[in-house]
Amino acid sequence: MIKRLDHIGIAVQNIDDALKFFESALGMKLDHVASEEGGKTDVAFLPVGGSEVELVQTHDAESGLGKFLAKRGEGIHHICFEVDDIQAAMAQLKENGAQLIDETPRVNASGMQYAFIHPKSAHGVLIELYQKPNP
Ligand code: ZN
């Protein structure tokens, strides 16, 4: 059910500051920046090979990401796998007793469906599942 590693999400305090490292020092190319969750979250995508690095910044200290940053500081926040059928993947996870954060997939600005698996069920890793919109 898992097709590929789509991206690794890195929690940062400030995307512009983080880009100084990822673009200038590491030489990666910024693909795009987007605002998500009604402006609460900004994301920046930097493709590398067939995957991407996603820098995530929040403007809401009470959000999951805000609490993560307050508690642990910047760092790897989640990994994201692309799936063909997110509904089927979520059903299979539930059948296997995994705890999901989202009961139904959320949809982002690009029409991508996504859902998170609780780190308690995934050996401490927050896992995001992604299904691309049908072309
Ligand atoms: Zn992500």
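Everything below is about the structure printed above this text.
Let me sum up the structure you'll find in this document. (Residues numbered from 1 in each chain as written. Predicted model: local features only at pLDDT ≥ 70, side-chain atom pairs only at ≥ 80, totals over all residues. Heavy atoms only, no water.)

**Describing the coordination of the zinc ion**
- In the first shell of the zinc ion, the protein supplies His7 (NE2), Glu54 (OE), His78 (NE2) and Glu128 (OE), at 2.1 to 2.2 Å from the metal.
- What the four donor atoms of the zinc ion show is an angle range of 87 to 174° at the metal, which sorts the shape as irregular.
- In terms of primary sequence, the donors binding the zinc ion are separated according to H-x46-E-x23-H-x49-E. Here the residue His7 occupies a position in strand E1 (residues 2–11), and Glu54 occupies one in strand E4 (residues 51–58), the gap between them amounting to 47 residues. (Donors = N, O, S within 2.8 Å, 3.2 Å for Na, K, Ca; no water. Tetrahedral: all angles 85-135°; square planar, octahedral: opposite > 155°, others 65-115°. Helix = DSSP H or I, 4+ residues; strand = E, 2+ residues; numbered from the N terminus.)

**Quick notes on the sheet that holds E4**
- With mixed pairing, the eight strands of this open sheet are ordered in space as E2-E3-E4-E1-E5-E8-E7-E6. The two strands at the open ends of the sheet, each matched to only one other strand, are strand E2 (32–36) and strand E6 (106–107).
- Where E2 meets strand E3 (residues 41–48), five bridges bridge the pair, whose relative direction is antiparallel. In the strand pairing of E3, His32 is matched with Phe45. (Pairing = 2+ DSSP bridges.)

**Re helix H1 (residues 15–25)**
- Looking at H1, one finds that the buried residues are Ile15, Ala18, Leu19 and Phe22. Down the axis of H1, the buried set is contained in an arc of 105°. They therefore lie on one face. For H1, the exposed residues set more than 90 degrees away from the buried face come down to Asp16, Lys20, Ser24 and Ala25.
- Packing partners of the buried residues in H1 comprise E1, E3 and E4.
- For H1, the capping residue at the N-terminal end is Asn14, with a side-chain oxygen 2.9 Å from the backbone nitrogen of Asp16.
- Following H1 by one or two positions, Gly27 adopts a phi angle in the positive range, close to 75°. (Buried < 20%, exposed > 50% of the residue type's maximum accessible area, 1.4 Å probe, protein only. Arc of directions from axis to C-beta. Contact = heavy atoms within 4.5 Å. Polar contact = N/O pair within 3.5 Å; in protein donor to acceptor, adjacent residues only side chain to side chain.)

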